Amino acid sequence: MTESAQPSGPSRRTVLVGAAAVAALAGTGSLVPGTAARAVGTAAVSPFATVRSQWLATLIGDVDLGDPVVARYVADLAAAAAPVWDALDTGAGRTYLWADLDSSSTSALQTTAIGRLRTLALALKTPGSALTGDATLAADLVSAFDWFLANKYGGGVRRYDNWWDFQIGIPLALNDVCLLLHDQLSAAQIDTAMTAIRKYAPDPRVTAEMTSTGANRNWACSIAIVRGALSEDGAVIADAKNAYAPVFDYATSGDGFYPDGGFVQHEYHPYNGSYGFSLLQYLTYSMLAVRGTQWAFTAARLDRVVDWVEDNFRPWIYAGAFMDMTRGRALSRFYQTDHRLGHLTVATLVQFADVLPTSDAAALRSVCKGWIAADTTQPYFAYDDVPIEQVRIPSIVRGRALVADAAVPTAAESTRSVVATSMARAVHRRPGFALGIAMDSTTIKPYETANDENLQGWYTGEGATYLYLPGKPGHWANQYWPTADKYRIPGTTVQVKPLALGAGRGSTNTWTGGVVQDDVSVVGMGLSFAKQTLRARKSWFGFGDVVLHLGAGITSSDGVRVETVVEQRNTGPDGQTVPVVDGRAALTTPSSTATTLTPRWVHVPGTGGYVFPAGTAVRALREDRSGRWTDMDHRGTYEDDTTRTRRFVTLWLDHGVDPTDATYSWLQLPGATQAQVSAAAASDDVVVLANTASLQAARQISTGVTALTAWASGTPAIGGSRIDRTGCVVVRRDSDGVVVSVSEPTQRLTGVVTITVDGPAGALRSVDPRITVRSTSPDLVLTVDVSGAAGKTATARFDAA
């Protein structure tokens, strides 16, 4: 239900569950959030009570029932909890809490069980819900709590199946239940729970019998902070704070945040939108919980998280959706779509703003307000009971305040393009779109499959392109992954052959990266495998609002056909979108039989256009496709096996069987109108200068930009520019001056590379410290030290000569 459709509420009634009330719910006495222990009458509030109170405030916080949107959210929360309570077995001789979770071998079911208790506890404690303060529910919860600890977690229960559930998943929810039921539980019951957590997760530095890293370290530390507060053991909290230290260090390999915008987990996988988000989420709760105490985080650590938000999160979120290419195997979970993860990210950030200095908080709230406004696919304020974790009520309240506050500007989408070589991801962003590019290398795998998840993710990271448009923010969330042809992911060059579920081909590619210069980005990726003979060189040239796709050296000898996929667009159930080819409607009748076209241009209404060199044969389909989430996810826990159907427009290039040095070239105009696509086809503004396995280059005449990817050393000058070794180069020469940007994507070269640009340059304006200007006349000559540069772009700017 949209906001405008919400029923009008009763006469304005505000229930505040903040400072004193939260503390009372926790059984700790009055406390103002953000303060340390202080005298209240003749008593003193301990710092442990402060931590408990402030963590609890992240769960239930302030509730304004006079706001009909908030009131509806609270009502929906209770409505979702009611059947969970109805299904709870409360019998004295019970052998399970819920019949569908009756297992002693699948640990994830126990994480689900304690999660349901947490859901019920939230409904019990959130003011204004139909279950608020229900004595019977409280008694059932306490009884279930005791049974769970006696039979499923702690005591004589040995860890089984997945370590994550016992060391992270269950403790996270169990801590919350202890805080929510603090006034119903005895000290002995709390101690039993904390003893169980300590049994399975005694040291936040260790998970799965290994040194914990990234999100795992963060989760373990946050668990220990709450455990210390509940046990009133300052040493546990202090130890957790000390153990947090490595989380704040930028990584140079393996897990963690990278300065180029990347986040890696499990050593080989981009994970900003799953593990990275969870790290941000629980770090935020920890920061809020300990503020004003002796365990508070320093200003420097708060600043580091602010940097992460801008560099490691914001580039990968569009219209409130967290890009699938950064979410690892989570993209195969029906309950964790890009928009749902985006909601949880916004929900975290509106709370994180509370702990920031005024200027940082204002900027962050503006960004969050922009994402809330932009997400028309899945409105932020609508209760969504599908995810395992919902947006918390304090984040709904803060979001409502943002929307109502005219003093907080609604931030526009970021137009900052990023190449994160650390995780083989790039995004070209403009005011009207964002185009993500997911790649692989010997250090970043093309996809992750584990625990029987994401079994069909084969091509999701092999040069796959992910287009996000303001008018179509639900493309990916609208059942794309269960219904799309997983062998035809946009942007990929693939062998047409069946692959086993979860199969890998062992990438041997060592080139992944590129350059960003203002509104231009150039990205390159090699394609090579240990288990296939397919080889290719792929480049993407983002010239402002136009993206040039080039492929060269496409060679294979395995006796199978090779294709390059231009597009596979989800047009929804029974989608009425009909492509226009050179001014005429095409594929007017849906069919599973492909058609061969020879278009100069193709326009897909609502998506944009594609311009091809004359004579290019394009295979095309407009078909209905059906599938299930369980085709990709075989875990057997919390699954959706409903058959979904969506209509797709798919375009691809057929390189034939065993091609040798095949090429491709097309222009993509995201979000363009039919007239704009037709005009681009008649224009010579973007010119391909070279498209070979050793050199790919192009020029945009209107902007004076020349860009190249040199795959081999010693390539000739092209378009008035040359690099003597491998690398990416962008040169802009116009009336304002000369700008040169360079990167070394392989991260394997040492020493310097030399760039020569025909013609002189004027005075030096700014220069990266790795660049040395050798000459500005008669030609501009630069050397760039690429040793240890980690694929970062280096730029020099000059006046006009």
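All values reported here derive from a predicted model rather than from experimental measurement. (Residues numbered from 1 in each chain as written. Predicted model: local features only at pLDDT ≥ 70, side-chain atom pairs only at ≥ 80, totals over all residues. Heavy atoms only, no water.)

1. Here's the deal with the sheet that holds strand S35 (residues 764-767)
Think of a sheet as strands paired side by side through backbone hydrogen bonds, with each pair either parallel or antiparallel. Here is the rule we go by: At least two DSSP bridges between two strands are required for those strands to pair. Elements are defined by DSSP. Helices are runs of H or I of four residues or more, strands are runs of E of two residues or more, and each kind is numbered from the N terminus. Helix axes are fitted to C-alpha atoms over the stretch in contact, other axes to C-alpha atoms as well, and angles between N-to-C directions run from 0 to 180 degrees.
Spatial strand order, S28-S29-S30-S32-S33-S38-S35: 7 strands in an open sheet with antiparallel pairing. Looking at which strands have only one partner, the edges of the open sheet turn out to be strand S28 (686-691) and S35. This sheet shows a mean twist of 10° between the axes of neighbouring strands, independent of strand direction. Here S35 pairs with strand S38 (residues 794-799) via 3 bridges, running antiparallel.

2. Topic: unusual backbone geometry
A cis amide bond links Ser 777 to the next residue, Pro 778, at an omega of 0°. If you trace the backbone, Pro 778 turns up in the loop between strand S36 (771-775) and strand S37 (780-785). Of note, the phi angle at Leu 587 is positive, near 55°, even though the residue is not glycine. Considering the arrangement of structural elements, one finds Leu 587 in the loop between strand S21 (584-585) and strand S22 (591-597). You will see that Gln 747, though not glycine, has its phi angle at about 60°, which is positive.

3. Here we look at helix H10 (residues 272-290)
Here is the rule: Expected span, for any helix, means 1.5 Å times one less than how many residues it has.
Its 19 residues give H10 an end-to-end C-alpha distance of 25 Å, which sits within 8% of 27 Å, the value for a rise of 1.5 Å per residue. At the C-terminal side of H10, Gly 292 shows a positive phi close to 80°.

4. Observations regarding the side chain of Glu 567
Note the cut-off: Using a 1.4 Å probe on the protein chains alone, a residue whose accessible area is under 20% of its type maximum counts as buried, one over 50% counts as exposed, and one in between counts as partly exposed. The positive count covers Lys and Arg only, the negative count covers Asp and Glu only, and His and the chain ends enter neither. A side-chain nitrogen of Lys or Arg and a carboxyl oxygen of Asp or Glu constitute a salt bridge if their distance falls within 4 Å. What qualifies as a polar contact is a pair of N or O atoms within 3.5 Å, subject to a donor-acceptor requirement within protein and to the restriction that residues adjacent in sequence count only when both atoms come from side chains. Any two residues whose heavy atoms approach within 4.5 Å are treated as being in contact.
Tracing the chain through its elements places Glu 567 in strand S19 (residues 561-570). It turns out Glu 567 is buried and unbridged, and the closest side chain with the opposite charge, Arg 569, is 4.6 Å from it. Looking at Glu 567, its side chain comes within polar contact range of the side chain of Tyr 610, at 2.6 Å. When sequence neighbours within four positions are dropped, the list of residues in contact with Glu 567 reads Leu 467, Pro 490, Thr 607, Tyr 610, Val 649, Thr 650, Leu 651 and Gln 668.

5. Examining the sheet that holds S22
Read from one edge of the open sheet, 5 strands run S14-S19-S26-S25-S22, paired in antiparallel fashion. Of all the strands in the sheet, just strand S14 (493-495) and S22 have a single pairing partner and so form its edges. Adjacent strand axes in the sheet meet at a mean angle of 35°, parallel and antiparallel pairs treated alike. Two strands pair when backbone bridges link them, and S22 and strand S25 (residues 618-627) are joined in this way by 4 bridges, in the antiparallel orientation.

6. Examining the pattern of salt bridges
Scanning the model with the defined rule gives 40 salt bridges in all. For the salt bridge of Asp 736 with Arg 765, the shortest nitrogen-to-oxygen distance reads 3.2 Å. Of this pair, Asp 736 sits in the loop between strand S32 (727-734) and strand S33 (737-743) while Arg 765 sits in strand S35; the two residues are 29 residues apart in sequence, bridging distant segments of the chain. Relative accessible area serves as the criterion here: at 48%, Asp 736 is assigned to the partly exposed category. Take Arg 765: its relative accessible area is 43%, and that puts it in the partly exposed class.

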